[in-house]
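# A structural walkthrough
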Amino acid sequence: MSVPKRCTATPNRTIRTAFGAGIAVLFWAAGVSAQSLDPEDQNFWAGAPALDLPLACDFGRGKRCRIAGYVDHDLSEGVSDYQCRGRSYNAEIPQGLGHSGTDLAVLDWKDWADGAPVPVIASAAGVVRNIRDEIADDDQNSGVGSDRACGNAVVVDHGAGWLTQYCHLQKDSVRVKTGDVVAAGQALGTMGSSGWSSFPHVHFAVLRQVGASVVRVDPFTSTTQFETCRRFRSTMWTPSAAEALGYTPVDFIKVGFVGTEPNTRNLLHDLRMEEALSWSEGQDIWVVLYAGGIAQGDLVQMQVLGPDGQTLFDATVKIGDQRYRIFRAGRLKTSTAVTERLAAGQALPTGRFTLRVNVANVAKRIYARKQASAVIAP
Ligand SMILES: [Zn+2]
């Protein structure tokens, strides 16, 4: 889309950047020449920084950090990440509904609290434009107005109208101050959950500013949030960052066997997959699936196979609506197969059990699968 050109700006005016954005960005108009906020204009992309990882953390399968949400390119009721899939969500921004950054997360409060702090680092060299550091970390968004939705934050100015913004940092963790010159990779603070945040993560936003106007840019495609997911110019990530942040349609967050009933709270707090459980009284056995990226209309199958390949649990559901993350669970001890065996006086099998998860699209083609196992004793 075309955005009106701005030739003048008011010095030292405070503006609010859109969602997540809550941090006030102070700017100085001197030196800001007439530029375009139209991404089809070459000038828009002049001076765009190459971006390294904004966190010093391992990403990928089985690693501690993951991408919990992308920029939403659908500013209406729908959701569309840069792959035209649903790994994003709606958040109110002045122009409509759309999450405006990339969420990099440790999706487990206990891991976040007990493990080493996750350093938030400058993704490119620049000058610190603004900081905030006094907001508590919690999962309730408690007492924080929309102007502070971003929580504790750092904004780095990379020149030529390019800024990066790091939101939801841990309280009292920010270690830079306004005006500091930072190198790429330099520590800015640590990951937290301050502001409008319900799990430990950093909302990383790439901003292109001209005068008083700011446009959010998706670093995976060099497209603005207002452009469709089908548009791709180039990646803004360095090769190593691009590799670390490779896309998977379905993000399997927690899959396996657990001894307590899963719920939306413990899934994000401290629920641990178990490797050994027991049929004994007093020990419950659940299988659980917690995942992002599963689309409306998809078929999700959870199947539990016993040591001899016998099926002890098999349930398929069709996902009725678009959801940011889905959660499914089954109680093994009350599954039809188990209760029938018990009614017939048969012993329950013991040994290694396998949980298979298959995700199929509307055409019933399986496009994502995950497996987990546990040993179940008598
Ligand atoms: Zn975010």
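Residues numbered from 1 in each chain as written. Predicted model: local features only at pLDDT ≥ 70, side-chain atom pairs only at ≥ 80, totals over all residues.

What the protein chain contains, in helices and strands, is five helices and 23 strands. In terms of overall size, the protein chain behaves like a compact globule, its C-alpha atoms giving a radius of gyration of 23 Å where 378 residues would be expected to give roughly 21 Å. The principal-axis extents of the C-alpha atoms in the protein chain amount to approximately 85 × 45 × 35 Å. The buried share of the protein chain, reckoned over its 378 residues, is 43%. (Helix = DSSP H or I, 4+ residues; strand = E, 2+ residues; numbered from the N terminus. Rg over C-alpha atoms; globule rule 2.2 N^0.38 Å. Buried ≥ 20, exposed ≤ 12 C-beta atoms within 10 Å, placed from the backbone.)

Below, the discussion takes up the domain arrangement of the protein chain. Taken domain by domain, the protein chain consists of domain 1 (14-244) and domain 2 (251-377). One C-alpha centre belongs to domain 1, the other to domain 2; they are set 35 Å apart. With twelve residues of domain 1 at the contact, the number on the domain 2 side is ten residues. Mapped by element, the contributors of at least two residues to the side of domain 1 that touches domain 2 are strand S3 (66-69) and helix H2 (109-114). (Domains from an automatic or database assignment. Contact = placed C-beta atoms within 7 Å.)

Next up on the list: the sheet that holds strand S23 (residues 366-377). Within the open sheet, the five strands sit side by side as S17-S23-S22-S19-S20. Their pairing is mixed. Taken across any chain shown, the strands that pair with only one partner, and hence form the sheet edges, are strand S17 (276-278) and strand S20 (311-318). Going from strand to strand, the sheet's axes swing by 25° on average, the running direction of each strand aside. One ladder, built from seven bridges, connects strand S19 (residues 299-305) with strand S22 (residues 351-360); its direction is antiparallel. Among the inter-strand pairings, methionine 302 is bridged to a residue of S22, identified as valine 357. (Pairing = 2+ DSSP bridges. Axes fitted to C-alpha atoms, helices over the stretch in contact; angles between N-to-C directions.)

Read from one edge of the open sheet, three strands run S16-S18-S21, paired in antiparallel fashion. The strands lining the two open edges of the sheet, one partner per strand, are strand S16 (251-258) and strand S21 (325-331). Adjacent strand axes in the sheet meet at a mean angle of 5°, parallel and antiparallel pairs treated alike. With seven bridges joining them, strand S18 (residues 286-292) and S21 adopt antiparallel strand pairing. Within S21, the position partnered with tryptophan 286 by the bridge is arginine 331.

Turning next to the environment of valine 288. Tracing the sequence through the fold places valine 288 in strand S18. You can call valine 288 buried: it has 25 C-beta atoms within 10 Å. Distance in space between the C-alpha atoms of valine 288 and asparagine 152 is 33 Å, their sequence separation being 136 residues. Excluding its chain neighbours within four sequence positions, the residues that come into contact with valine 288 are Lys254, Val255, Gly256, Val258, Pro262 and Ala329.

A few words on the nonpolar core. Leu55, Val154 and Tyr166 are the most contacted members of the largest nonpolar core, which totals 84 residues. If you count residues domain by domain, this core takes at least three from each of domain 1 (14-244) and domain 2 (251-377). Ignoring any residue separated from it by four or fewer positions in sequence, one finds leucine 55 in contact with Cys65, Leu104, Val118, Pro119, Val120, Ile121, Met191 and Val202. (Core = buried A, V, L, I, M, F, W, Y, C linked by C-beta atoms within 7 Å.)

Moving on: the environment of aspartate 133. If you trace the backbone, aspartate 133 turns up in the loop between strand S8 (126-132) and strand S9 (152-159). Overall, aspartate 133 belongs to the buried group, with 20 C-beta atoms counted inside 10 Å. Sequence separation between aspartate 133 and lysine 171 is 38 residues, and the spatial gap between their C-alpha atoms is 5.5 Å.

Here the focus is the pairing of S22. The sheet contact formed by S22 and S23 spans ten bridges and is antiparallel. Its bridge partner lying in S23, glycine 351 is registered against isoleucine 376. In this antiparallel pair of consecutive strands, S22 and S23, the connection spans five residues, and lysine 364 shows a positive phi of 65°.

A positive phi angle, near 55°, is found at alanine 160, a position not held by glycine. Mapping alanine 160 onto the fold places it in the loop between S9 and strand S10 (162-169). The phi dihedral of histidine 168 falls on the positive side, at around 70°, and the residue is not glycine. Of note, histidine 168 is situated in strand S10.

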